[in-house]
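# Inside the fold
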Amino acid sequence: MIDSGVHASHPHINGVSGGVTIGADGNEPGFTDVVGHGTAVMAAIKEKAPDAEYFAVRVFYTSLRTTVDLLLRAIEWSIANRIDVMNLSLGTTNPAHRERFAPVIARAAAKGIILVSARDAEGVPALPGSMPGVIGVELDWDCPRDEYRCRETPEGVIVAASGYPRSLPGVPPKRNLHGISFAVANTTGFVLRACEASLTRSYESVCMVLADTAPRIEKS
């Protein structure tokens, strides 16, 4: 999970396997979440795939803003540490960064690593989620949290999922964190399940399982 870190002791988390902070001056061993976003994102994923190993890669510090340089370093760290699936509940709408993402996505794909990221931000294509080889996620407020929708396109499978996180006692859904970040997180949980059902883990095989097991699939 590339985000704001995690509170490992949170009852929805109950520990992680490791992590790192990607800092401007180098990598640091700590990854405690001071924003809360990463903890909520990991909780949503872990709800659907509780037996996976989780690593927190921190690129957000006191706000949900980072640089493309830090994001690319976070992806590179994940590739180097043989992470199987990367959750990126984030993205950039600056098309100038496409050429910088392309070789990193290719290196991940060559190692069978799956990237899950937001496909757009309020209708504007987002990177890397709108690029080939990444499972791009769209927001569907009408989709139940335990389901997802698939759309087959010439470029690949697009997944739509609920934008609500795991519920908190006494907190109405509209007052909790919500949005595309959690559509990505919910999708990552389904992707982890698809990895378990794939004989070989690859972008193509995982997309095939997602499409085969989706409650609803559209073609476009």
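Residues numbered from 1 in each chain as written. Predicted model: local features only at pLDDT ≥ 70, side-chain atom pairs only at ≥ 80, totals over all residues. Heavy atoms only, no water.

So, about the overall build of the protein chain. Each helix and strand counted, the protein chain has 5 helices and 12 strands in total. Here the protein chain has a C-alpha radius of gyration of 16 Å; the compact-globule value for 220 residues is 17 Å, and the two agree. Overall, the protein chain is about 45 × 45 × 35 Å in size when its C-alpha atoms are taken along their principal axes. In the protein chain, buried positions account for 52% of the 220 residues. (Helix = DSSP H or I, 4+ residues; strand = E, 2+ residues; numbered from the N terminus. Rg over C-alpha atoms; globule rule 2.2 N^0.38 Å. Buried < 20%, exposed > 50% of the residue type's maximum accessible area, 1.4 Å probe, protein only.)

The next subject is the pairing of strand β10 (residues 148-153). Where a strand is regular, its side chains alternate between the two sheet faces. In the sheet, β10 pairs with strand β11 (residues 156-161) via 6 bridges, with the strands oriented antiparallel. Looking at β11, one finds that Glu152 is bridged to Val157. Connecting β10 to the next strand, β11, in antiparallel fashion are 2 residues. (Pairing = 2+ DSSP bridges.)

Turning our attention to the packing of helix α2 (residues 68-80) against helix α3 (residues 98-110). Between two packed helices, both the angle of their axes relative to each other and the distance between the axes serve to describe the pair. Orientation of α2 relative to α3, taken along the N-to-C sense of each, is 10°, at an axis distance of 10 Å. The angle between α2 and α3 places the two elements in the roughly parallel class. On α3, the residues that touch Val68, Asp69, Leu71, Leu72, Ile75, Glu76 and Ile79 of α2 are Arg100, Phe101, Val104, Arg107 and Ala108. Here the contact of α2 with α3 is built from residues that sort into 8 nonpolar, no polar and 4 charged. (Axes fitted to C-alpha atoms, helices over the stretch in contact; angles between N-to-C directions. Parallel < 35°, antiparallel > 145°, perpendicular 65-115°, else oblique. Contact = heavy atoms within 4.5 Å. Nonpolar A, V, L, I, M, F, W, Y, C, P; charged D, E, K, R; others polar.)

Another aspect to go through is the packing of helix α4 (residues 180-197) against helix α5 (residues 203-213). With their axes 9 Å apart at the nearest point, α4 and α5 run at an angle of 105° to one another. Between α4 and α5, the interaxial angle falls into the category roughly perpendicular. For the pair α4 and α5, contact is made by Phe190, Val191, Ala194, Cys195 and Ala197 and by Val206, Val209 and Leu210, respectively. Per-class residue counts for the contact of α4 with α5 are 8 nonpolar, no polar and no charged.

Read these as layout, nothing more, since geometry by itself doesn't imply function.
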